[in-house]
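Each chain is listed here by its residues.
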Amino acid sequence: GLDAEMVYWSAVCGLSELVLSGATTVSDMFYVFPAGSDVTLDAVIQAAKDVGVRMHAGRGAMSLGQRDGGLPPDAVVQTPDAIMADVERLVAEHHDPSEGAMLRIDLMPCSPFSVTPELMIAMRDVARRHGLLLHTHLAETLDEERFCLERFGKRPLALLEELGWLGEDVYLAHGIHFDDAEIALLGRTRTGVAHCPSSNMRLGSGIARVLELVDAGARVGLAVDGSSSNDGGSMLAEARQALLLGRMRYGVGYSAHQAMRLATRGGADVLNRPEIGSLAPGMRADIAIFDLNDVAYAGAAVHDPLAALALCQTTRPTHVFINGRHVVENGHLTTIDLPAAVRRHNQLAGKLARSSQLATR
């Protein structure tokens, strides 16, 4: 039931929520292209431009439908030829490889159980020819592990290694169910992992071994995931979740500073963006400013301002600058009419919900 307008307004709202939490760069995997619809990744790209956020727009893909033994409904899978033709178009029209770029295209086949190995290889080859990053879901659930063992005779990470899908140009979403040898492999290859604590808790998927991954040399950043498995899009709230969940695994020695690094420098490392993620001379002026006089931080910020941000009840930044542009001023977006965007999004979401209810009667 999706169309391009629905994709645009949902992206506007999701990106706005992230920016209003202090996020300045977003990587998004979009992979649902219903047959016969007008949906393309261009709707997400336009939303990022309108909101004013730096974007890694992920051309997702699903090619292995239920009729062929995959998990996605056949109505939302595409042929490899259609996928690869659109990849070439998007790279030619939108990808900016320059330092500080506001828009890059990443290639993101959804998962090993929704695309074929042949498509994984094809997307890998195109990405490396154009210097693009590669991203997929991996080791999120035990169901996925069982699927890979039954279909391919190997664990998910072993399948990726066989397909040439490890290295500094690859990052994996979730990465919960890795054993010691797999963590060492990820570290040796400098493969990235997007840690999604809220999503993992919402689905009951497990707790990622973040410190082991970092200690092994893997690049680890923080991610909110999408609204299908996380009902909030706050990067600051996600840092708090990462801290609290980390303490469930590692105890109180897991620090607020470690969690906040995942949300800043860690994310920049995963996206191979040395020019963002920290405040220093020569960086791209991505800055989120929080008012520590807010009652939420009373008595805390005087001890450790960074720990206060991570441990106290989260607030919105008063100002956000992205690439030097003042995108949030006094707590409000300067780039779009957000109340109007929310109204339109709700209208379209309601329309989709009503059509879904009618279809199931």
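Residues numbered from 1 in each chain as written. Predicted model: local features only at pLDDT ≥ 70, side-chain atom pairs only at ≥ 80, totals over all residues. Heavy atoms only, no water.

Engineer: Whenever I open this one, the overall build of the protein confuses me. Can you help?
Structural biologist: Within the protein one finds 13 helices and 11 strands. For the protein, with 361 residues in total, the buried portion stands at 51%. The contacts of the protein with a sequence gap of at least 6 include a subset with a gap of at least 24, amounting to 71%. With an accessible surface of roughly 15,800 Å², the protein has 54% of that area assigned to carbon and sulfur atoms. For the protein, the distance from the average position of its 32 positive side-chain charges to the average position of its 43 negative side-chain charges is 1 Å. (Helix = DSSP H or I, 4+ residues; strand = E, 2+ residues; numbered from the N terminus. Buried < 20%, exposed > 50% of the residue type's maximum accessible area, 1.4 Å probe, protein only. Contact = heavy atoms within 4.5 Å. Areas by Shrake-Rupley, 256 points an atom, 1.4 Å probe, with all protein chains shown as cover. Lys, Arg positive; Asp, Glu negative; His and termini not counted. Charge placed at Lys NZ, Arg CZ, Asp CG, Glu CD.)

Engineer: Would you explain empty space enclosed by the protein in this entry?
Structural biologist: A probe matching the size of a water molecule, rolled over the atoms, marks out where space remains unfilled. Summed over the entire model, instances satisfying the criterion amount to 1 cavity of 30 Å³ or more. Lining the largest cavity, in full, are His 195, Ile 207, Ala 208, Val 210, Ala 242, Leu 245, Gly 246, Arg 249, Tyr 250 and Tyr 254. The element best represented in the lining of the largest cavity is helix α10 (residues 235-250), accounting for 5 residues. Its residues assigned to classes, the lining of the largest cavity comprises 7 nonpolar, 2 polar and 1 charged. (1 Å grid on protein atoms, 1.4 Å probe; cavity = no way out; pocket = protein on both sides within 12 Å on 5 of 7 lines; lining within 4 Å. Points joined across faces, edges and corners; volume = space filled by probe spheres on them. Nonpolar A, V, L, I, M, F, W, Y, C, P; charged D, E, K, R; others polar.)

Engineer: Honestly, the nonpolar core in this entry has me stumped. Any pointers?
Structural biologist: Buried together is how nonpolar side chains tend to be arranged in soluble globular proteins. One finds Val 19, Leu 107 and Phe 178 to be the most contacted residues of the largest nonpolar core, which totals 93 residues. It is helix α1 (residues 4-19) that provides the largest number of residues to this core, a total of 7 residues. Core analysis: the next-biggest nonpolar cluster, separate from the first, contains 6 residues, Met 29, Leu 133, Tyr 171 and Leu 271 among them. (Core = buried A, V, L, I, M, F, W, Y, C linked by side-chain atoms within 4.5 Å.)

Engineer: What is the right way to look at the sheet that holds strand β8 (residues 287-289) in this model?
Structural biologist: Within a sheet, neighbouring strands are paired by backbone hydrogen bonds and run either parallel or antiparallel to one another. The strand order across the open sheet formed by 4 strands is β8-β9-β10-β11, and the pairing between neighbours is antiparallel. For this open sheet the edge positions go to β8 and β11 (332-333), each flanked by a neighbour on one side alone. Sheet topology places strand β9 (residues 319-322) next to strand β10 (residues 325-329); 4 bridges connect them, and they run antiparallel. Residue pairing for β10: Ile 322 is matched across the bridge by Arg 325. (Pairing = 2+ DSSP bridges.)

Engineer: Would you explain helix α4 (residues 117-130) in this entry?
Structural biologist: Three or four residues apart is the spacing at which side chains of an α-helix point the same way, because the helix has 3.6 residues per turn. The terminal C-alpha atoms of α4 lie 20 Å apart, and with 14 residues this matches the ideal 20 Å at 1.5 Å per residue to within 8%. Considered for burial, the residues of α4 that qualify are Leu 119, Met 120, Met 123, Arg 124, Val 126 and Ala 127. Those residues of α4 that are buried are in contact with β2 (54-61), α3 (80-94), β3 (103-109), β4 (134-138) and α6 (156-162). (Expected span 1.5 Å × (residues − 1).)

Engineer: Would you mind showing me how to read the packing of α1 against helix α13 (residues 338-359) here?
Structural biologist: Close contact between α1 and α13 brings their axes to 9 Å; oriented N to C, the two are set at 130 degrees. In terms of their interaxial angle, α1 and α13 are classed as oblique. Of the two possible hands of crossing, α1 and α13 adopt the one that is left-handed. Every residue of α13 that contacts α1 at Glu 5, Met 6, Trp 9, Ser 10, Val 12, Cys 13 and Ser 16 is listed here: Leu 338, Ala 341, Val 342, Arg 344, His 345, Leu 348, Lys 351 and Leu 352. (Axes fitted to C-alpha atoms, helices over the stretch in contact; angles between N-to-C directions. Parallel < 35°, antiparallel > 145°, perpendicular 65-115°, else oblique. Left-handed = near helix turned anticlockwise from the far one by under 90°.)

Engineer: I keep staring at the pattern of salt bridges and nothing clicks. Help me out?
Structural biologist: Pairs may arise between side chains of opposite charge once their charged atoms sit close together. Under the criterion given, the structure shown has 21 salt bridges. Two residues, Asp 180 and Arg 209, come together in a salt bridge whose shortest N-O distance is 2.6 Å. Taken together, the residues Asp 180 in helix α7 (residues 180-189) and Arg 209 in the loop between α8 (197-203) and α9 (210-216) connect sequence positions 29 residues apart. In this structure Asp 180 comes out as exposed when scored by relative accessible area, which is 54%. A salt bridge links Glu 212 to Arg 209; the nearest nitrogen and oxygen atoms lie 3.8 Å apart. Among the residues examined, Arg 209 registers a relative accessible area of 18% and is labelled buried. (Salt bridge = Lys/Arg side-chain N within 4 Å of Asp/Glu carboxyl O.)

Engineer: Help me understand the side chain of Ser 205, please; the structure alone is not making it clear to me.
Structural biologist: By secondary structure assignment, the location of Ser 205 is in the loop between α8 and α9. Judged by relative accessible area, which is 11%, Ser 205 ranks as buried. With near-sequence residues (within four places) excluded, Ser 205 lies in contact with Glu 140, Thr 141, Ile 176, His 177 and Asn 200.

Engineer: Sorry if this is basic, but what is going on with α13 here?
Structural biologist: With 22 residues, α13 ought to run about 32 Å at 1.5 Å a step, and its terminal C-alpha atoms sit 31 Å apart, in line with that. Among all positions of α13, only Leu 338, Ala 341, Leu 348 and Gly 350 are buried. Looking at the buried residues of α13, the elements they touch are α1 and β11. One side-chain oxygen at the N-terminal end of α13 lies 3.3 Å from the backbone nitrogen of Ala 340; it belongs to Asp 337. (Polar contact = N/O pair within 3.5 Å; in protein donor to acceptor, adjacent residues only side chain to side chain.)

Engineer: Could you clarify how one ought to interpret the pairing of strand β7 (residues 219-222) in this entry?
Structural biologist: It is a general feature of regular strands that their side chains alternate between the two faces of the sheet. Neither face of β7 is exposed, since Arg 219 and Gly 221 on one face and Val 220 and Leu 222 on the opposite face are all buried. Across 4 bridges, the pairing between strand β6 (residues 192-195) and β7 is parallel. From the neighbouring strand, Ala 194 faces β7, where its bridge partner is Gly 221.

Engineer: Could you clarify how one ought to interpret the packing of helix α2 (residues 42-51) against α3 in this entry?
Structural biologist: If you want to describe how two helices pack, look at the angle between their axes and the distance between the axes. For the pair α2 and α3, the least separation of the axes is 12 Å and the interaxial angle reads 25 degrees. Here α3 runs roughly parallel to α2, going by the angle between their axes. Of the two elements, α2 crosses α3, and the hand of that crossing is right-handed. Contacts from Asp 42, Ile 45 and Lys 49 in α2 reach Arg 89, Leu 90, Glu 93 and His 94 in α3. In the contact of α2 with α3, the residues fall into 2 nonpolar, 1 polar and 4 charged.

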